[in-house]
Amino acid sequence: MTPYETFLFFFIVLILLAPTIILGLFGKSSRIYNMLITLIFLAIIFYHKNNYLEITSLIIFTIWQVTLIKIYWNYRQKDNRTSVFVVFTAATILPLFLVKLFPVLGITNLFGFLGVSYVSFRAIQMIIETRDGLIKSNISVIDLLYFMLFFPTISSGPIDRYRRFEKDHRSVPTSEEYKELLYLAINKIFLGFLYKFIIAYLIHRNILTYYDTHSVHHTHPIEARIIYMYAYSMYLFFDFAGYSNFAIAVSYLMGIRSPENFNLPFISRNIKDFWNRWHMTLSFWFRDYIYMRFVLWMTKKRWIKNRYTVSNMGYTLLFLTMGFWHGFALQYIIYGLYHAALMCGFDYFDRLNKKHKFWPKNRVTHVISIIITFHFICFGFYIFSGQLFR
């Protein structure tokens, strides 16, 4: 059963989390119960009739990642060699890499499960933060499993950080604090229903499906592509933001304040602002663990002295990685290069403007910036959709 796709799923959530909600309203702990419920929901999500491939993949993947994290943590207490860190990081990434590579090789239904990317990000983050000395205490296998397999966010994010997650997991909200979480959760569920089951559904049924099933692209190619581009961009946001609202809401019900994932991305004033608003937990993850580490590494090595060149190389690496993360298909790679070019171009524009002051900051230029950025973003999503090459 795919999370948040049917009303049955929400009914099961309500029934199974009822004890958690009741305990929370009285300011009582429900940590052990929530862990047991997570196991039940994982079984519900990954069980398919006569098909145990996903469950088997999940079990093998989890054992692999937990073993790597525990071994590396023990090693890190004694030594800190870069070569060992690279090996463990590569080993952590390997399953996700294979999941993305197999379809290109014509190998399907061999390995993988719903949410493999998000669980991988959590495992990779654990290795990196252990290397940085940010995770100082030994983590029990149970707590590690609960963090990695936390069911509300396993399929669609947000991507949480262990130290933030663990703080919520270890604390027990007071009755008043939990009432506030419950109120926020209810609001997010209603907002999620509006986004996903009304707005996204109507866009998909009345526009995207129509343009996919009719020959409009052939009879009116330019008009059809423009309409599809903007409709797809709106659909992608409302569908994904709806998922995120559901995931955050269920997290709140379990006493975990999962971070926000969207912040009005279509009113971004530039491309950097957009990536601070769109799928924020993913954007910040790539920024912290790829871009910043690459820039710091290149600065330390001093192989390239021009910091702007280093920054542009970092953007290219970041967005190419993001493109490959979506898949090895051509549209995802071009999508990554497109956003890398936008980031490098805006960085150059911003530096030039600070020097010559040709684009003043006022209400008019702010509105114009939002409009320009919006069109660039929508064209990027059109590339992402794969329709540009059809």
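The rules behind the values
- Residues numbered from 1 in each chain as written.
- Predicted model: local features only at pLDDT ≥ 70, side-chain atom pairs only at ≥ 80, totals over all residues.
- Heavy atoms only, no water.
- Salt bridge = Lys/Arg side-chain N within 4 Å of Asp/Glu carboxyl O.
- Buried < 20%, exposed > 50% of the residue type's maximum accessible area, 1.4 Å probe, protein only.
- Helix = DSSP H or I, 4+ residues; strand = E, 2+ residues; numbered from the N terminus.
- Core = buried A, V, L, I, M, F, W, Y, C linked by side-chain atoms within 4.5 Å.
- Contact = heavy atoms within 4.5 Å.
- 1 Å grid on protein atoms, 1.4 Å probe; cavity = no way out; pocket = protein on both sides within 12 Å on 5 of 7 lines; lining within 4 Å.
- Points joined across faces, edges and corners; volume = space filled by probe spheres on them.
- Nonpolar A, V, L, I, M, F, W, Y, C, P; charged D, E, K, R; others polar.
- Axes fitted to C-alpha atoms, helices over the stretch in contact; angles between N-to-C directions.
- Parallel < 35°, antiparallel > 145°, perpendicular 65-115°, else oblique.
- Phe/Tyr/Trp six-rings, centres within 6.5 Å; stacked < 30°, edge-to-face > 60°.
- Lys NZ or Arg CZ within 6 Å of the ring centre and 35° of its normal.

J.: Sorry, what's going on with the pattern of salt bridges here?
T.: Where charged atoms of side chains with opposite charge meet at close range, the side chains can pair. In total, this model carries 19 salt bridges according to the counting rule given. Residue R81 is joined to D79 by a salt bridge in which the shortest nitrogen-to-oxygen separation is 3.3 Å. Note on R81: relative accessible area 54%, which makes it exposed. Two residues, R293 and D132, come together in a salt bridge whose shortest N-O distance is 2.9 Å. Separated by 161 residues along the polypeptide, R293 in helix α13 (residues 280-301) and D132 in the loop between α6 (116-131) and α7 (141-148) bring together distant segments of the chain. For R293, a relative accessible area of 26% translates into the label partly exposed.

J.: What's the story with the nonpolar core in this structure? I'm lost.
T.: What tends to happen in soluble globular proteins is that the nonpolar side chains get buried as a cluster. If you look at the biggest cluster of nonpolar residues, it comprises 116 residues, and the most contacted ones within it are M148, W275, W278, F286 and F381. Per-element accounting of this core gives the leading share, 19 residues, to helix α11 (residues 221-253). In this structure, W275 is in contact with S283, F284, F319, M322, Y335, H339 and M343, ignoring residues within four places of it in sequence.

J.: What is the right way to look at the layout of surface pockets in this model?
T.: Any empty space left between atoms is shown by rolling a water-sized probe over those atoms. There is about 980 Å³ of room inside the largest pocket. Counting residues per element, the ones that place at least two in the lining of the largest pocket are α5 (82-101), α6, α13 and α14 (307-326). Across the lining of the largest pocket, the residue classes tally to 20 nonpolar, three polar and five charged.

J.: Any chance you could explain the packing of helix α15 (residues 330-356) against helix α16 (residues 363-385) here in plain terms?
T.: Each pair of packed helices can be described by the angle between their axes along with the distance between the axes. The geometry of α15 relative to α16 is characterised by a closest axis approach of 7 Å and an angle of 160 degrees between their N-to-C directions. Classified by the interaxial angle, the pair formed by α15 and α16 is roughly antiparallel. Every residue of α16 that contacts α15 at Q331, Y332, I334, Y335, Y338 and L342 is listed here: F376, F379, G380, F381, I383, F384 and S385. Across the contact of α15 with α16, the residue classes break down as 10 nonpolar, three polar and no charged.

J.: It is not clear to me how the packing of aromatic side chains should be interpreted in this structure. Could you clarify?
T.: For the coordinates displayed, the defined rule picks out 61 aromatic pairs. Ring centres of F41 and F151 lie 4.0 Å apart, and the angle between their planes is 10 degrees; this geometry places the pair in the stacked category. Here F41, found in helix α3 (residues 31-46), pairs with F151, found in the loop between α7 and α8 (162-170); they are 110 residues apart in sequence, far enough to count as distant. With centroids separated by 5.5 Å and ring planes inclined at 45 degrees, the aromatic side chains of F121 and W325 adopt a geometry described as tilted. With F121 in helix α6 and W325 in helix α14, this pair connects stretches of sequence that are 204 residues apart. The ring of F85 carries the charged tip of R131 above its face, separated from the ring centre by 4.7 Å.

J.: Help me understand the packing of α6 against α7, please; the structure alone is not making it clear to me.
T.: Packing of α6 against α7 leaves a shortest axis separation of 9 Å and a crossing angle of 135 degrees. One element, α6, and the other, α7, form an angle in the oblique class. Contact residues: V119, R122, A123, Q125 and M126 in α6; L144, F147 and M148 in α7. Classifying every residue of the contact of α6 with α7 by side-chain character gives six nonpolar, one polar and one charged.

J.: Any chance you could explain empty space enclosed by the protein here in plain terms?
T.: Going through the model one piece at a time under the given rule, you end up with two cavities of 30 Å³ or more. Of the volumes computed, that of the largest cavity is approximately 150 Å³. In terms of lining residues, the largest cavity is bounded by 18 residues, among which S30, N34, P173, M254 and G255 are the most central. Of all the secondary structure elements, the ones that give two or more residues to the lining of the largest cavity are α2 (18-25), α3 and α8. In terms of residue class, the lining of the largest cavity is built from seven nonpolar, eight polar and three charged. A volume near 40 Å³ is recorded for the second largest cavity. Taken together, I69, K70, W73, T130, N138, I139 and L144 make up the lining of the second largest cavity. Examining the composition of the lining of the second largest cavity, we find that three residues originate from one element, helix α4 (residues 53-76), more than from any other. Here the lining of the second largest cavity is built from residues that sort into four nonpolar, two polar and one charged.

None of the figures reported here should be taken as evidence of function without further support.
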